[in-house]
Amino acid sequence: MNNFDEIIREKARLESISLPVGFDERNDILIEKLSTNNVNVKKPRTFYILRYRTAIVLIAAILIIGSTTIAAEQLTGGDFFTQFFNEEVNNDNINNFGFMNTEQLNNISSSTIGTVISTDEVNIDVLGVVISGNTVNVMLKVTANKLNSVLHNNGNIVLNNYRFQDERGSLFESSKETTTTYYFSDEDSNLKDNEFKILYKCIGNYNSDKYTINLDKLGYYNQNLDFVNIYDAGWQFDISFDTKADYSKDIFIDQDIFIDDLSLRFNNIQITPFTCLLYFENDKDFVYDDYEKFSDNVSSITIKLKDGTILNSTYFKYTCGFDSETNIYGAILDFTVPITVNDVESITIFDQDYLIN
Amino acid sequence: MQKNNILSNLIIENRPRLYRIAINILKNYIDAEDAVSEATCKAYENFHKLKDIEKFKPWIIKILINEAYSISNKRKKYVPLNDEIIVNNSDSEIIDNIILWDAVQTLDENFRVVAILFYYENMSIKEISKALTIPEGTVNSRLNRTRQKLKNIFLKEGVALYE
């Protein structure tokens, strides 16, 4: 230690730590769950694939605290996701999810169900696809036919076990945000050792009646975090966007809002059973400080249902972001369980209520 | 349950610094929070292995660093985050705002991490060596180069920090 070090340490001590909006609250929830269970609670391995060639750049943190068991092995389509969300609720002994609506899931389920890839090495089954507006959930089951196990625990929680090295295709290219979660037999007792599931949660602009998923190279990451390629191949299949119904709503707001000296135009709200997106426009050139004012103040969003239930950040994951080219800011609420869009009465943001109906 | 309460309090007390280290490695809010979450989970899984509670801070920092590097390696396989919010500030920006954090962000990753652990977390060379699983000599060498780089930045901007 010399004088320079001491001065720098003192300077460092005086600098505050800037945490993302809601960081403490999300970590509190995780800690509460871990403490309550008094046992190991494994977090599903979740990857965020952010594609910056599309509009919204996500910057705030979102946290997946998922259940670890899915007991829906024999179910498919909307029934699969009904069971999936029921399990989510059953694994949460803290919150009340009485507002959950799974009855709508069969109507927003794609006809793409069943085996889509069948080779000597790999089978891929679509367990379910549910689509509404700008939000898609896809659950796949992958079977490595010639392997005894796809578990490869190398000590790295995020990367252990088999997985695809790359995930491409028009579904992901059309998505602003994709969250990928892998499930293995060590956490899901319905899976065999040579099987795993992948859940893709995508938010994007979907105007086509069909989207492609390309999964490339099956293998695992070794202890040096190099990818060990077991099958150097690619598997491609289509997902039909042919649901019977769409319960999403796009509400035109077009009102000015003010955050200190920052003036924004609140353009619109897109709400689906799974997500709620709010868009704001700044008519000046993009300045990050402006966005920061927005992101610092946008966190206290709540949704009021017609029966008086208030949905706060306990019931959704919150993210916000911007597109520097258009200077549009966005906030994304990702609901833990599907809601009834028609039951939403109002959304409160910046201390202002916005009626939805 | 008593042990869980102790662990909860320790994590709550330390999570701002965990986030600061993670954001320094990952330069991405989402990944940084993910790393803290993973470290939190791992802390609960392995708390029984921690024999000396006084060593919680270096222990959890080591877990966090491992998680952050795991995520970092995975992220490199995906699309580069061109519009990332935490970017290397240019020298001209530093002229306007000499904040140590900004100066540290201009360093390469290896030096950045050493700077955070040494200057912000007040960790010793030995502790950094254990946390990063690199020899103490390497930490020393990186720290010397970090000092020089920081001195150059501050001198360049006319800030005589260490007179």
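It should be emphasised that the depicted structure is a prediction, and the values quoted were computed from it without experimental measurement. (Residues numbered from 1 in each chain as written. Chains lettered and ligands numbered in written order. Predicted model: local features only at pLDDT ≥ 70, side-chain atom pairs only at ≥ 80, totals over all residues.)

### Notes on the overall build of chain B
1) Next: Across its full length, chain B carries eight helices and zero strands.
2) Next: Going from N to C terminus, chain B has its helices and strands arranged as α-α-α-α-α-α-α-α.
3) Next: Burial status across chain B gives 41% buried among its 163 residues.
4) Next: Residue pairs in contact within chain B that sit at least 24 positions apart in sequence constitute 64% of those at least 6 positions apart. (Helix = DSSP H or I, 4+ residues; strand = E, 2+ residues; numbered from the N terminus. Buried ≥ 20, exposed ≤ 12 C-beta atoms within 10 Å, placed from the backbone. Contact = placed C-beta atoms within 7 Å.)

### A short note on the sheet that holds strand β15 (residues 310–311) of chain A
Residue and element names in this part refer to chain A.
1) Next: An order of β15-β14-β18-β19 is seen for the four strands of this open sheet, with the pairing classed as antiparallel. The sheet terminates laterally at β15 and β19 (352–355), the two strands that pair on one side only.
2) Next: Pairing of strand β18 (residues 344–349) with β19, which is carried by four bridges, proceeds in the antiparallel orientation. In the strand pairing of β19, isoleucine 347 is matched with tyrosine 354. (Pairing = 2+ DSSP bridges.)

### Regarding the pairing of strand β17 (residues 328–335) of chain A
Residue and element names in this part refer to chain A.
1) Next: Where burial is concerned, most of β17 is hidden: six out of the eight residues are buried.
2) Next: As paired elements, strand β13 (residues 275–281) and β17 share seven bridges and run antiparallel to each other. For glutamate 281, the partnering residue across the bridge sits in β17 and is isoleucine 328.

### Side note on unusual backbone geometry
1) Next: Backbone geometry at aspartate 351 of chain A places phi at a positive 60°, although glycine is not the residue there.
2) Next: Structurally, the position occupied by aspartate 351 of chain A is in the loop between β18 and β19.
3) Next: For lysine 27 of chain B, which is not glycine, the phi torsion reads 55° and is therefore positive.
4) Next: For lysine 27 of chain B, the location among the structural elements is in the loop between α1 (2–26) and α2 (29–46).

### Quick notes on the confidence of the model for chain B
Residues and elements named next belong to chain B.
1) Next: For chain B, the mean per-residue pLDDT works out to 76, and 78% of the residues sit at or above 70.
2) Next: Summarising per-element confidence for chain B, the mean pLDDT is lowest in helix α4 (residues 91–96) (35) and highest in helix α6 (residues 109–120) (89).
3) Next: In this model residues 77–97 is a low-confidence stretch, pLDDT under 50, and it forms 32 contacts with partners more than four residues away in sequence or in other chains.
4) Next: Interface confidence for the predicted complex, given as ipTM, is 0.78, next to a pTM of 0.58. (pLDDT = per-residue confidence, 0-100.)

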